[in-house]
Amino acid sequence: MSLDTVTMLRHGKVALALHHVRNATAAGGRPLLILHGLGEAAPRSAPRWADAWPGPVAALDFTGHGASTIPRGGGYTAELLLGDADAALNSLTEGDPTRSITVVGRGLGAYVALQIAGARAAQVRGAILVDGPGLAGGPTGPTSQSFFSLPIGASTPDPYALVELGRDLRPPDYAALFVRLALAGSELEEPIAVASVFRPEWLDAVAREHGVMQATLAEALATYAG
Amino acid sequence: MTSTPSPIVPDRSFGDPTADFPYPDAEHPAREYHLNANGLQIAVHEWGEADAPPMLLVHGGFDFARTFDLFAPKLAEGGWRIVSWDQRGHGDSEHPELYSWDADMRDALTVFDHVSPGRPLPVVGHSKGGALMTQLADAQPFRFTHLINMDGIPYNRRIPDVAEHERTKMASAEIAGWLDHRRATATAQRKPGTIEELAKRRGRMNPRLDPDWLKRLVTTGGFESDDGWRWKIDPSMRFGGFGPWRPEWTLMRLPGLPMPFLGILGREMEEMGWGTPPEKVLPYMPFDGRCEILDDVGHFVHIERPSLVAEIVLDFVGSPEAAASGTDA
């Protein structure tokens, strides 16, 4: 059954929209959290690729996207979005640290899915990284930088989100750290699944780490559903 | 929407000068106002004559512009209009939804454009403010005639004797702690207390500073409610955090800076300091750069030795008349 019930979560001063897009189809199914790509918004109905997932399906609007708050004057980082994802995790597990979710991240959401899998390793039972907007991210090291102001808008996506999250630094060794954290804290032998076709440098480093599965989205979902 | 109690919000109307805890030579700013920085109200404080050539002061993290109450007037005596601002979430500026290095940089540009549109000026940064300005000087050198960095030169401190798996555990605890803090920030408040209590707490981080100075900081960087004083700084902010940025990435911008550069470092290491050994940064000096290293001085060089540091800065930047006419000092 498809639905779009929205829970507004607090992450600091930001209100985040968590869309519950499908109920569980089997008792005891683990929640599946969908993280969207850069400039997108959460799907308002369950994607067809999630049909076989037994648990409830939810999708989060990141800060500055969809129905979530537009901050004043920007200030986005991927680590902020990690905090967004953590707020969703806390809500979907009802604050119970013994409960877990599975995460599918598209593009920028894939990078955040990797981070939450490392940061909350015991509570993320599988993170699946798939293609989508913002997958590449910014440079892997320091560059000549530009700083400028953008017109303030009243609708999402926030232009500052597009600019700042489109150029966030993604050193491969930093990304790989989250794989090691996930592996150290997860019961799974392969807590990360790379299902993307495109492999930017950070993701290529992730894919080469021990504990990372190379699989299609359907294969990875089937593995983590168990 | 989840219902959460509203945290106490500081009164951002600027304080009454007569309420400042008195401290010898410290001066309330001559002018105070807010600028709209891309939708956020940023508080600006000025000392000296309004029509004098401007010089910018940039405070460090968890500080605020009024920490220059002692240092700024001494620079103003040299004939400069001294301008500083409270970074977002600090002092009398608004508490935004987000914080980042780039956002701080954009806020800074609003002040630059207001104070000295189209003309470069001398800039003095302390701690995080020094690091911010070092990066901005690399990205937009046309805005600077001189850059003075007071103990804000990043230096990478590695821990060579920690095994890799232990570092992973350290990182895990660090990230989980940060996320736990983020979960609590919606309702976070600073702990109230008396002026003496807040000064004592700050003294733990600033052990070299005069207790009376710390009391003044409470009255200039705090606000009073029915249950006591609180720091104005956004309670969602905290030390630490993590991310992909590495200190050496700012350090490597230093050698290429085209404007005259002066680093001022205190020899004494302390809690809020950057742990930068002077001899480690000397190889990174730009062609027209040098470092002054002050013995028996800690991280807050401009508070511990305001007259000496002001004298060094004034000598380095030359006369304000030369700045106004656009000639060399």
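My aim in this report is to walk through the structure given alongside it, one point at a time. Since this is a predicted model, take the numbers as computed values, not measurements.

Examining the environment of Glu164 of chain A
Inspection of the secondary structure puts Glu164 of chain A in helix H3 (residues 159-166). It is 7.5 Å that separates the C-alpha atoms of Glu164 of chain A and Gly75 of chain A, two residues lying 89 residues apart in sequence.

Section: the sheet that holds strand S9 (residues 261-266) of chain B
Residue and element names in this part refer to chain B. Taken together, the eight strands give an open sheet; going across it, the order is S1-S2-S4-S3-S5-S6-S9-S10, and neighbouring strands pair in mixed fashion. Of all the strands in the sheet, just strand S1 (31-37) and strand S10 (289-294) have a single pairing partner and so form its edges. On average, each strand axis in the sheet is inclined to that of its neighbour by 20°, with strand direction left out of account. Of the pairings in the sheet, the one linking strand S3 (residues 54-58) to strand S5 (residues 121-126) comprises three bridges and is parallel in character.

Here's the deal with the interface of chain B and chain A
Taken together, the contacts link 36 residues of chain B with 39 residues of chain A. If you list the elements that add at least two residues to the side of chain B that touches chain A, you get helix H2 (101-115) and helix H4 (164-184) of chain B. Considering each element in turn, the side of chain B that touches chain A owes the most residues, eight residues, to H4 of chain B. Looking at side-chain class alone, the side of chain B that touches chain A contains 20 nonpolar, ten polar and six charged residues.

Some words on helix H2 (residues 108-119) of chain A
Residues three or four positions apart in an α-helix share a direction because the helix packs 3.6 residues into each turn. Residues and elements named next belong to chain A. Between its first and last C-alpha, H2 extends 17 Å over twelve residues, near the 16 Å set by a 1.5 Å rise per residue. Here H2 lies mainly inside the structure; twelve of its twelve residues are buried. By the burial criterion, the buried members of H2 are Leu108, Gly109, Ala110, Tyr111, Val112, Ala113, Leu114, Gln115, Ile116, Ala117, Gly118 and Ala119.

Here's the deal with the packing of H2 of chain A against helix H4 (residues 172-185) of chain A
Residues and elements named next belong to chain A. Between H2 and H4, the shortest axis-to-axis distance is 7 Å and the interhelical angle comes to 40°. Considering the angle they form, H2 stands oblique to H4. The crossing of H2 and H4 is left-handed. From H2, Leu114, Gln115, Ala117, Gly118 and Ala119 reach across to H4, where they touch Ala175, Leu177, Phe178, Val179, Leu181 and Ala182. Classifying every residue of the contact of H2 with H4 gives nine nonpolar, two polar and no charged.

Here is what the cut-offs are and how they apply
- Residues numbered from 1 in each chain as written.
- Chains lettered and ligands numbered in written order.
- Predicted model: local features only at pLDDT ≥ 70, side-chain atom pairs only at ≥ 80, totals over all residues.
- Helix = DSSP H or I, 4+ residues; strand = E, 2+ residues; numbered from the N terminus.
- Pairing = 2+ DSSP bridges.
- Axes fitted to C-alpha atoms, helices over the stretch in contact; angles between N-to-C directions.
- Contact = placed C-beta atoms within 7 Å.
- Nonpolar A, V, L, I, M, F, W, Y, C, P; charged D, E, K, R; others polar.
- Expected span 1.5 Å × (residues − 1).
- Buried ≥ 20, exposed ≤ 12 C-beta atoms within 10 Å, placed from the backbone.
- Parallel < 35°, antiparallel > 145°, perpendicular 65-115°, else oblique.
- Left-handed = near helix turned anticlockwise from the far one by under 90°.

Structural measurements only, silent on function.
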